[in-house]
Amino acid sequence: MNRRDILQGLSLSMLSRKLLSNEPLLAQTAKTKPKPIAANDRINVGVIGPGSRGREVMRQMLRIPGVEMAAVCDVYEPRFAEVNELVGKKVMSYKDYRELLERKDLDVILIATPPIFHSEYTIAALEKGKPVYGEKTLGFTVQDCNDVVAAVKRTGQIFQIGHQLRYASWIQQSIKRVRQGDIGVPTHVYAYWHRADDWRRPVNDPKLEHLFNWRLYNETSGGLLEELGSHAIDIANWVFGETPETIMGSTSIAVYHDGRTVGDNVQAVIGYSKGRRMFFSSITDNAMMADQIWIYGTEGSAQITLQDATFYRPTQKTVTASSHTDIVERGVKTGASYKTSWEMPYRGPGERVQFPSGDDPTLTACQAFFQSVRDKHQPVASAEVGFGSAIACVVGKQAMTEGRTITVPQLPKS
Ligand SMILES: NC(=O)c1ccc[n+]([C@@H]2O[C@H](COP(=O)([O-])OP(=O)(O)OC[C@H]3O[C@@H](n4cnc5c(N)ncnc54)[C@H](O)[C@@H]3O)[C@@H](O)[C@H]2O)c1
């Protein structure tokens, strides 16, 4: 099934104009030189896909002096009133992203549609000479991911991927310390995103099911790995300083037998060089563990959450060399390396990372984006960074479907 087929039967088939059109989009758009933006200039933002995430990013952007919401595009008309309410004035609206991109006065574009459209819309905006803040993930296919990176290089435009955790001060500090050896050699990243939430949005008109619940269908979603795991994979990539080499995984529907085709749980094992590993788990019927990332090193561990980070350094390792003798516990010979107290989870104190501000990472990510646009340098959360997580999610989905380990394609050498 291709992307065009997905939309057949949907009354909101504007969901993909590209897929209904054979026009070579890039050919229509002459390369336009970016307009220089001075430090005090107003920045006009055009938004494509102001849904739940799009409006949150808009909310944060609006906190930044000089930022104006100048145009908005969505295939679902009721969004426009929601946008007007958020912005506090009427924003020019479009149902076709190409019309929005014709606007000469737009300085940057925010793209927050479902991921199947990210590459097409991003490339079109870049080709129009517009810097892009693109929500994750970078692309929905391997080709998409390659194409966006190539378009950023070709156009020389600024592109920032929506991995806002790259801009969270406590995470920046933690990864810096980890990379400097603070927990020895980091060898494993274990990430959890557990929720008690069926992920289903209420829909009062069946024709809107795929538009509202695109996350639940394989045709339009990379499932929990892509939607939730991509942030954690990005952090593992940051820790290990590379893109994953391999991925294998498992997914099933264990709880919500409601017509969805993506799994309601995912377990993925991601391989990095030198035998280093990442594990990602997501379940949706029990929020224990919640959203947290553990970085394990040879001398300690770091726990990262959405609000803080803590380093742990147990002074004693569970099993010492001298323990490799038979242990007698409560009169029973238990084995050469086993003693109940040694196997208990560490419950000692941790060292909480101190960080200066409680700013929302989305706000700091947006501030950094506008700074990059003004200074004309690619941001930290660059297209290459977006590639590293997106590509693992794309082939991870395939690995889980086919039940095998897949080698993750690397960025083509330019
Ligand atoms: N960075 C983060 O922390 C974060 C958090 C949530 C979501 N996201 C990402 O943001 C994106 C959007 O997620 P969401 O939860 O806001 O989804 P959503 O369904 O709430 O919003 C998507 C919006 O895009 C519109 N849309 C759909 N097809 C379109 C098209 N062809 N042209 C124009 N508009 C179109 C929809 O009508 C909707 O308003 C996804 O890529 C998701 O992965 C990122």
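Residues numbered from 1 in each chain as written. Predicted model: local features only at pLDDT ≥ 70, side-chain atom pairs only at ≥ 80, totals over all residues. Heavy atoms only, no water.

Asker: Mind laying out unusual backbone geometry, listing which residues take part and the relevant values?
Answerer: Cis rather than trans, the peptide bond between lysine 136 and threonine 137 has omega equal to 0°. In the Ramachandran plot, methionine 289 falls in the positive-phi region, its phi being about 85° despite a non-glycine side chain. On the secondary structure map, methionine 289 appears in the loop between strand 10 (277-283) and strand 11 (291-297). On the accessibility criterion, methionine 289 (32% relative accessible area) is partly exposed. (Helix = DSSP H or I, 4+ residues; strand = E, 2+ residues; numbered from the N terminus. Buried < 20%, exposed > 50% of the residue type's maximum accessible area, 1.4 Å probe, protein only.)

Asker: Explain the pattern of salt bridges to me, using residue names and the numbers behind them.
Answerer: Inspection of the entire model under this criterion finds 24 salt bridges. With a shortest N-O distance of 2.9 Å, glutamate 135 and arginine 53 are connected by a salt bridge. In this pair, glutamate 135 sits in the loop between strand 5 (132-134) and helix 8 (142-155) while arginine 53 sits in helix 4 (residues 52-61), placing the two residues 82 residues apart along the sequence. Since its relative accessible area comes to 6%, glutamate 135 is described here as buried. Taking the relative accessible area as the measure of exposure, arginine 53 reaches 25% and is therefore partly exposed. Where lysine 136 meets glutamate 227, a salt bridge forms, and the shortest distance between an N and an O atom there is 3.4 Å. Here the residue lysine 136 occupies a position in the loop between strand 5 and helix 8, and glutamate 227 occupies one in helix 11 (residues 223-240), the gap between them amounting to 91 residues. Since its relative accessible area comes to 11%, lysine 136 is described here as buried. Connected through shared salt-bridge partners, Arg177, Asp182, Arg313 and Glu351 make up one network. (Salt bridge = Lys/Arg side-chain N within 4 Å of Asp/Glu carboxyl O.)

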